Amino acid sequence: MRGCDCVGVRAHFGIKRERWPHAFIRLLRQLIPMLSTSLLRRTIGTQPLRRFSTGTGAEKGMARPIFNESYTPISAATAALENISKYNKYLNAFVDVADPETVRDQAKEAAHRWEIGQAKSALDGTIMGYKMNLCTKELRTTCASAMLENFQAPYTATAIELLQEAGAITGGKANMDEFGMGSHNVFSNAGPTRNPHGIMGRAIETLDEVEGRSPGGSSGGSAAAVASNMCFAALGSDTGGSVRLPASYCGIVGFKPSYGRISRWGLVAYASSLDTVGTLTKTVDDAKTIYDIISKEDLKDSTCLTQRQRDSIEKAKKPIRDTKQGSKPLSGIRVGIPQEFNVTELSPATKALWRRGIQTLKDEGATVVPVSLPNTKLAVGAYFTLATAEASSNLQRYDGIRYGHQSEERDEKNALYSHTRSEGFGKEVRRRILLGTYVLTSGSFDNFFLRAQKIRQMIRRDFDSIFARPNMITGSLDGEGDASRVHALLTPVAVTAAPKLEDVVGDHIDPINAYMDDILTIPASLAGLPAMSVPFATYGDDGFPVGLQVMSQYGDEEMVFKVARIIEKKGRETL
Ligand code: GLN
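Details of the site of the ligand
- Around the ligand, a shell composed of 15 residues is seen, among which Gly-240, Ser-242, Tyr-270, Tyr-383 and Asp-518 lie nearest.
- One of the side-chain nitrogen or oxygen atoms of Ser-242 is found 2.7 Å away from an oxygen atom of the ligand.
- Here an oxygen atom of the ligand and a side-chain polar atom of Tyr-383 are 2.7 Å apart.
- Taken together, the residues of the shell around the ligand break down into four nonpolar, eight polar and three charged.

Quick notes on the packing of aromatic side chains
- In the structure shown here, the tally under the stated rule is 16 aromatic pairs.
- Ring centres of Tyr-398 and Phe-425 lie 6.2 Å apart, and the angle between their planes is 85 degrees; this geometry places the pair in the edge-to-face category. Of this pair, Tyr-398 sits in the loop between α11 (379–394) and α12 (416–424) while Phe-425 sits in the loop between α12 and α13 (427–440), and the two are 27 residues apart along the sequence.
- Classification of Tyr-398 by relative accessible area gives buried; the value is 3%.

With respect to the sheet that holds strand β1 (residues 94–97)
- The sheet built from eleven strands is open, its strands ordered β1-β3-β2-β4-β6-β5-β10-β11-β9-β7-β8 with mixed pairing. Of all the strands in the sheet, the pair left with one neighbour each is β1 and β8 (367–371). Averaged over all pairs of adjacent strands, the angle between strand axes in this sheet comes to 30 degrees, irrespective of strand direction.
- Contacts from helix α6 (residues 220–227) reach β1, β2 (127–131), β3 (169–174), β4 (233–238) and β6 (276–281), with the element oriented near 160 degrees to β4.
- Sitting on the sheet, helix α8 (residues 284–294) touches β2, β4, β5 (253–256), β6 and β10 (531–539), and the angle it makes with β6 is about 145 degrees.

Quick notes on the pattern of salt bridges
- Applying the stated criterion to the full structure yields 21 salt bridges.
- Between Asp-556 and Arg-469 there is a salt bridge; the shortest N-O distance is 2.9 Å. Remark: Arg-469 occurs in the loop between α14 (445–466) and β9 (488–492) and Asp-556 occurs in the loop between β11 (544–552) and α17 (557–574); sequence separation between them is 87 residues.
- Taken together, the shared-partner salt bridges in this structure form one network comprising Arg-261, Glu-314, Lys-317, Arg-469, Asp-556 and Glu-557.

Quick look at helix α4 (residues 100–115)
- End to end, α4 covers 22 Å across 16 residues, agreeing with the expected 22 Å (1.5 Å per residue, within 8%).
- Buried residues of α4: Val-103, Ala-107, Ala-110, Ala-111 and Arg-113, and no others. Projected down its long axis, α4 carries its buried residues within an arc of 155 degrees, all on one side.
- Here the buried face of α4 lies against α3 (73–91), β2 and β3.
- Positive backbone phi, at 70 degrees, marks Gly-117, one or two positions downstream of α4.

A few points about the pairing of strand β7 (residues 334–338)
- Counting buried positions along β7 yields five of five residues, so the element is predominantly enclosed.
- Where burial is concerned, the two faces of β7 agree: the one with Arg-334, Gly-336 and Pro-338 and the one with Val-335 and Ile-337 are both buried.
- Both β7 and β8 contribute to a ladder of five bridges, which runs parallel. The residue bridging Pro-338 from the neighbouring strand is Val-371, located in β8.
- Remark: the β7/helix α10 (residues 348–363)/β8 crossover connection has right-handed handedness.
- Two elements, β7 and β9, share two bridges in a ladder whose sense is parallel. Bridging from a neighbouring strand, Gly-336 pairs with Leu-489 of β9.

Regarding the packing of α11 against α13
- Contact geometry of α11 with α13 gives a least axis separation of 7 Å together with a crossing angle of 100 degrees. Between α11 and α13, the angle falls in the class roughly perpendicular. Where α11 abuts α13, its residues Phe-384, Thr-385, Thr-388, Ala-389 and Ser-392 lie against Arg-432, Ile-433, Leu-435, Gly-436, Thr-437, Val-439 and Leu-440.
- Residues belonging to the contact of α11 with α13 are distributed by class as follows: six nonpolar, five polar and one charged.

Overview of the packing of α3 against α4
- Across the interface, α3 lies against α4 with an axial gap of 8 Å and an inter-helix angle of 155 degrees. By the angle class used here, α3 and α4 are roughly antiparallel. Relative to α4, the crossing made by α3 is right-handed. When α3 is examined against α4, the residues Pro-73, Ile-74, Ala-77 and Leu-81 are found in contact with a partner set consisting of Pro-100, Val-103, Arg-104, Ala-107, Lys-108, Ala-110, Ala-111 and Trp-114.
- Looking at the contact of α3 with α4 residue by residue, the classes come out as ten nonpolar, no polar and two charged.

Digging into the nonpolar core
- With 117 residues, the main nonpolar core has Leu-163, Phe-179, Leu-235, Leu-361, Leu-490 and Met-532 as its most contacted residues.
- Formed by 31 residues, the second largest nonpolar core is a distinct cluster that contains Leu-81, Met-200, Val-243 and Cys-250.

Description of the side chain of Thr-350
- Considering the arrangement of structural elements, one finds Thr-350 in helix α10.
- For Thr-350, the side chain forms a polar contact with the main-chain oxygen of Val-495, separated by 3.0 Å.
- Among residues more than four places away in sequence, those in contact with Thr-350 are Pro-492, Ala-494, Val-495, Thr-496 and Tyr-539.

Quick notes on the state of the cysteines
- The full count for this structure, using the stated rule, is zero disulfides.
- As a non-bridged cysteine, Cys-143 has Cys-135 as the owner of its nearest cysteine sulfur, 7.3 Å distant.

Calculation rules
- Residues numbered from 1 in each chain as written.
- Predicted model: local features only at pLDDT ≥ 70, side-chain atom pairs only at ≥ 80, totals over all residues.
- Heavy atoms only, no water.
- Near = heavy atom within 4 Å.
- Polar contact = N/O pair within 3.5 Å; in protein donor to acceptor, adjacent residues only side chain to side chain.
- Nonpolar A, V, L, I, M, F, W, Y, C, P; charged D, E, K, R; others polar.
- Phe/Tyr/Trp six-rings, centres within 6.5 Å; stacked < 30°, edge-to-face > 60°.
- Helix = DSSP H or I, 4+ residues; strand = E, 2+ residues; numbered from the N terminus.
- Buried < 20%, exposed > 50% of the residue type's maximum accessible area, 1.4 Å probe, protein only.
- Pairing = 2+ DSSP bridges.
- Axes fitted to C-alpha atoms, helices over the stretch in contact; angles between N-to-C directions.
- Contact = heavy atoms within 4.5 Å.
- Salt bridge = Lys/Arg side-chain N within 4 Å of Asp/Glu carboxyl O.
- Expected span 1.5 Å × (residues − 1).
- Arc of directions from axis to C-beta.
- Right-handed = clockwise from strand over helix to strand, strands pointing away.
- Parallel < 35°, antiparallel > 145°, perpendicular 65-115°, else oblique.
- Left-handed = near helix turned anticlockwise from the far one by under 90°.
- Core = buried A, V, L, I, M, F, W, Y, C linked by side-chain atoms within 4.5 Å.
- Disulfide = S-S within 2.5 Å.

Shown next, in the form of structure tokens:
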């Protein structure tokens, strides 16, 4: 990156030791105007959209994971390919689409396996979408960056390999924010993705008249592809909320398992201590089906849980005793409502839906109690310090020499390296690298980076102090007997429904507003906890979807599925 003298940056801005997190926010505000704002606004505005089927994904039977006589891999593939050819031009969900003939051939083979009773798994013959930062041998892995515009990975990510072994067919590679940095899928070298809600069923010629909404990011392409039935399900990545936020905006289920559950091998790194492969599906059960297939030990990823660790997590879970002997689905389960998630930015409608979600859990037998996570307010500052620091280190490898874009500019003053990186990275990525490099400089390491690490520990401890089940990673103790401790948490995912694209992209937008969009998803990421966004309701005149977030203790994915199914069921009735 050209001109990044970080010691100089600190001196230039006269940054002194001051109280966290004000110093970090001030730093952000000072750095942002330095960066060019001209790269945005590209293709927005010309082809927006409207109304799409979401949530249940009933259109053309795409929601059913198990095929039957009238719904076969062949009919599903035909429907998916038809939707891609109809809507992808408007949505920009897939950047690369698989060869239709290959998809049809693979669907025929899967159909045959079903016919003779030799299906490879429940997913055999389903069409999958994969985020552009997951390596695949057959299509490009661009990370939505000019830096990797022509990158063809020599191998396939472990999670995708497992799905392919289970018979899943690759439908396409999905759009995203460049290297996973963003909340609205607008920082992509392939142009922004649009939210499909409200599109399905509309005449193609009228789509241009529809106002574009954010699909959420950074896995916006994966979410839009699922919500528009271009594929059965998709994989995304979630570093601070990138699977959950798009799921909420697009009205589908977004699941981020505990850190280390799914191998990161083949996932292009953004912030390695936070990156998690996640799923985007139409139902909670679909998420579980995919999760069961891809959540495996992988020796190629040293941060992936071993089978022994997985076994000990299960062994440490005590059965939940229902002292009141209730017979409802959630009898005996205690759900916490973290008071600090009631942030001022929450829209009144979101608050009302959250209350309705709480009532739903009570009606189904859960005991709902308020809980406190006092360090939540420090989470966004800590996240952006750690994520940018890790990103600045991870993205060093794009130097124009080993792989990726190489600048043709040569002059004496500026090296190949700086030209290459200035051309190859978009504005938001350059901003993050600048921030991250700054927080790692010797002068600010203690004040920013170490402090953010400590805050991360405090946030983990906050969660451990309210969960009844122990955390195998931090070694927290079992608190099953303590009635004030809970098994799961319920919060909103986002402060509002999907914003208009024109309100999230352009020179007039303060990027800190987008950073704040992750305020409700970041805490689970910092603590490595499993979290799921479940479509619960729609609001406003346009009826855009809103999700609720279910979180649980590290390793307790089953609890997330259990509570999420109840929210999903109630959501179905009202959506
Ligand atoms: N929006 C957050 C960021 O830009 C989270 C992104 C993600 O989870 N990949 O860092």
